[in-house]
Structures are given as structure tokens and as C-alpha cells.
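Listed below are the residues making up each chain.
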Amino acid sequence: MSAEKRALDQEESILNVSSVIVDIEGTTTSISFVHDTLFPYVREHLNDYVKSNWADSEFQEDLKALKEQAQKDESDKVEGVVAIPEGEEDAVREATIKNVLWQMDNDRKTGALKQLQGHIWRKAYEKGEVVGPIYDDVHESLKSWVDLGKKIYVYSSGSVEAQKLLFGHTKEGDLLKLFSGHFDTAVGAKTEAGSYTKILEKIEKTGEEAKTVLFLTDVPKEATAAVESGMLAVLVSREGNAALTDDAKASFRVISSFADLAFEDSGKRKKKRKD
């Protein structure tokens, strides 16, 4: 199939999507937000947060998860692991803080770490100390897609709670009503086709219906995995994102703004089918 024919087929398929799944970093929000704002916030406030919330039941659940992860890391002989012992409160608290910082230093994405980070960020959003930045084209585009009858979902490596905090506290206000669902790596890694298959099952799109689902991401490996599951995929090229290779550009449509996408009205499409 020629590149032109493939591009035309893709345009026709994208026109008819019924559901759109968006990534966050590099897609709806700058990659720098997580690394320049969210992560530093945790580092700066971790000590005070742990001390002031130590007796709270929510933090005790976080601590339990961190201890279980530390034990697993010890069992797996993970290099440099910081153990969290049982015993005197001050010692446990100090070890917990060191463990969290060690995980962050190594860019680990454990559920225990994400859970604690999410709870710290919730405080930041509620206090107005952090606001979720989104690209200027995102809000109006998402709203227009919903108005056309599309369902919008999020799939990000950040936890579902972190996703909801970001979209619930954006510079444009609370956008959560625009989304029909949220997915994180609980369904699997974003570079594995099986993860997207699970999402398709959860949103009840099977077989040929997979082709009516579009995934928007800045990462070619994620786009490839989505396509392997039967979905469509488009790469989003934003300022500050990693440069796309010629192969990636040849394999996928590339957009620089959500406004570059045009969809058909779902209601009109259903009427055409009945006619």
C-alpha cells in the first residue's frame, strides 16, 4: 500500500472514531510539569507531610504499601534498596522518607510511591499551590468532541487519582465531567498491546469496534502497542517533546494541536447507518 493510500485510509478511519483516549505528559500537558513542578513539590514537602500525617489512617495505608514494596525489593535484591524497619517511630519515619527519596531518585513507578505522591499532590491542589496546566487547545477540543458524541478517556502512567487531580484543578477549571473514564498502569505497561486490549474490554469495544477508538500520545512505542491491539493511534508533537524519527512520522499521523483533528458527529453517523 502506498504512503498516500495509507494516509487516506487513516484519515477516513479517524473521522469515524467514537472514543478518544488521551495520554497526559507531552499530549495534554507539558512533560516538564511533572519533573519541574510535581516531583519537586513532593521532595520539598515530604518530611513535613509524613510528620504531620503520621497518625492518619490514609497515611498508615501508604506506609503499609511502602513497607510491602521495600520487602519485595529486598527479596528481589534490588540494588540500593532502603529498608523500612519495624520499631521506634522516629527510626521508621526517617527510613520511610529515605525510601521514598531513593525511589524518586531512581525514577521508580511503584504503586506504593504513586499512591503517596498522589496524596501529597492532593493537598497541593486543594491549597491552590499547584494548578494543572493544559495546552491551550485541549479544553475546547475535548469539549467539542464530547459535543459530537465522543467518549473521552485518559490512559497515563500517573495514577488515576493523580489524573483526576490534574484535570479537576486546571487553569480552565474542573474538566472531569468531560471524561468517561481513567486508566493507569494497573491495566499494564503503556508499551504493551495487552494493556490496550484490556482497556478496549473495559470500554466494551471488541473486534471491529476497536478501530473506532483513537489513542493520542507523544510516544511512538505506545502508539505501536495501541495499533497492535486494534486501535488507531496518532502522535502528538508538542514543544519540548522528544523529536520524532522519520520512521515514526512515516508510520503515524502527527499533529501539533488537538484542533488538527476532525471528527464526524456520532449522531449523524448512526442516522446514516439506519438509513
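Quantities reported herein were computed from a predicted structural model and do not represent experimental measurements.

Reading guide: rules and limits
- Residues numbered from 1 in each chain as written.
- Predicted model: local features only at pLDDT ≥ 70, side-chain atom pairs only at ≥ 80, totals over all residues.
- Heavy atoms only, no water.
- Salt bridge = Lys/Arg side-chain N within 4 Å of Asp/Glu carboxyl O.
- Helix = DSSP H or I, 4+ residues; strand = E, 2+ residues; numbered from the N terminus.
- Buried < 20%, exposed > 50% of the residue type's maximum accessible area, 1.4 Å probe, protein only.
- UniProt positions renumbered as here; feature names shortened; annotations may be inferred.
- Contact = heavy atoms within 4.5 Å.
- Polar contact = N/O pair within 3.5 Å; in protein donor to acceptor, adjacent residues only side chain to side chain.
- Pairing = 2+ DSSP bridges.
- Axes fitted to C-alpha atoms, helices over the stretch in contact; angles between N-to-C directions.

Student: Describe the pattern of salt bridges, naming the residues involved and giving the relevant values.
Tutor: Using the criterion set out here, one finds 16 salt bridges in the structure. The salt bridge partner of Asp90 is Arg93, with a shortest N-O separation of 2.5 Å. Within this pair, Asp90 and its partner Arg93 are both found in helix 4 (residues 89-105), separated by three residues, close to a single helical turn. Linking Glu161 and Arg122 is a salt bridge whose minimum nitrogen-to-oxygen distance equals 3.3 Å. Note that Glu161 is positioned in helix 7 (residues 160-168) and Arg122 in helix 5 (residues 111-127), a separation of 39 residues in sequence. When its relative accessible area of 28% is taken as the criterion, Glu161 is described as partly exposed.

Student: I'd like to hear about the UniProt feature "binding site: Mg(2+)" (unreviewed entry) in the protein chain, residue by residue, with values.
Tutor: Per the UniProt record, "binding site: Mg(2+)" (unreviewed entry) is found at Asp23, Glu25 and Asp218. Across 196 residues in sequence, these annotated residues keep their C-alpha atoms within 8.0 Å of one another, forming a single compact spot. With residues up to four places along the chain from it excluded, the contact list for Asp23 reads Thr28, Tyr155, Ser156, Lys190, Phe215, Leu216, Thr217, Asp218 and Glu222. Of the polar contacts made by the side chain of Asp23, one reaches the side chain of Lys190; its length is 2.6 Å.

Student: A description of the UniProt feature "binding site: substrate" (unreviewed entry) in the protein chain should follow, citing residues and the corresponding values.
Tutor: The UniProt record marks Ser156, Ser157 and Lys190 with the feature "binding site: substrate" (unreviewed entry), using the residue numbering of this structure. Spatial clustering of the annotated residues is evident: they stretch over 35 residues in sequence, but the largest pairwise C-alpha distance comes to 7.8 Å. Residue position: Ser156 is located in the loop between strand 2 (151-155) and helix 7. Classification of Ser156 as buried rests on a relative accessible area of 5%. For Ser156, the contacting residues outside a window of four places in its chain are Asp23, Ile24, Gln163, Phe183, Asp184, Thr185 and Lys190. A polar contact is formed between the side chain of Ser156 and the backbone nitrogen of Gly158, at a distance of 3.1 Å.

Student: Now, about the sheet that holds strand 6 (residues 253-255): what can you tell me, with residues and values included?
Tutor: The strand order 3-2-1-4-5-6 describes an open sheet built from six strands, whose pairing is parallel. Two strands in the sheet have a free side with no partner beyond their single neighbour: strand 3 (179-183) and strand 6. Within this sheet the neighbouring strands show an average axis-to-axis angle of 25°, counted without direction. Pairing between strand 1 (residues 19-22) and strand 4 (residues 213-217): four bridges, direction parallel. The residue bridging Ile21 from the neighbouring strand is Phe215, located in strand 4. Across the face of the sheet, helix 7 comes into contact with strand 2 and strand 3 while running at roughly 140° to strand 3. Set on the sheet, helix 9 (residues 220-228) makes contact with strand 4 and strand 5 (232-236); between it and strand 5 the angle comes to about 170°.

Student: Kindly report on unusual backbone geometry, identifying the contributing residues and their values.
Tutor: Positive phi, normally seen in glycine, also occurs at Asp107, with a value near 50°. The topology assignment puts Asp107 in the loop between helix 4 and helix 5. The partly exposed category is assigned to Asp107, whose relative accessible area is 42%. Not every positive phi belongs to a glycine, and Glu204 is a case in point at roughly 60°. Following the sequence through the fold, Glu204 ends up in the loop between helix 8 (193-202) and strand 4.

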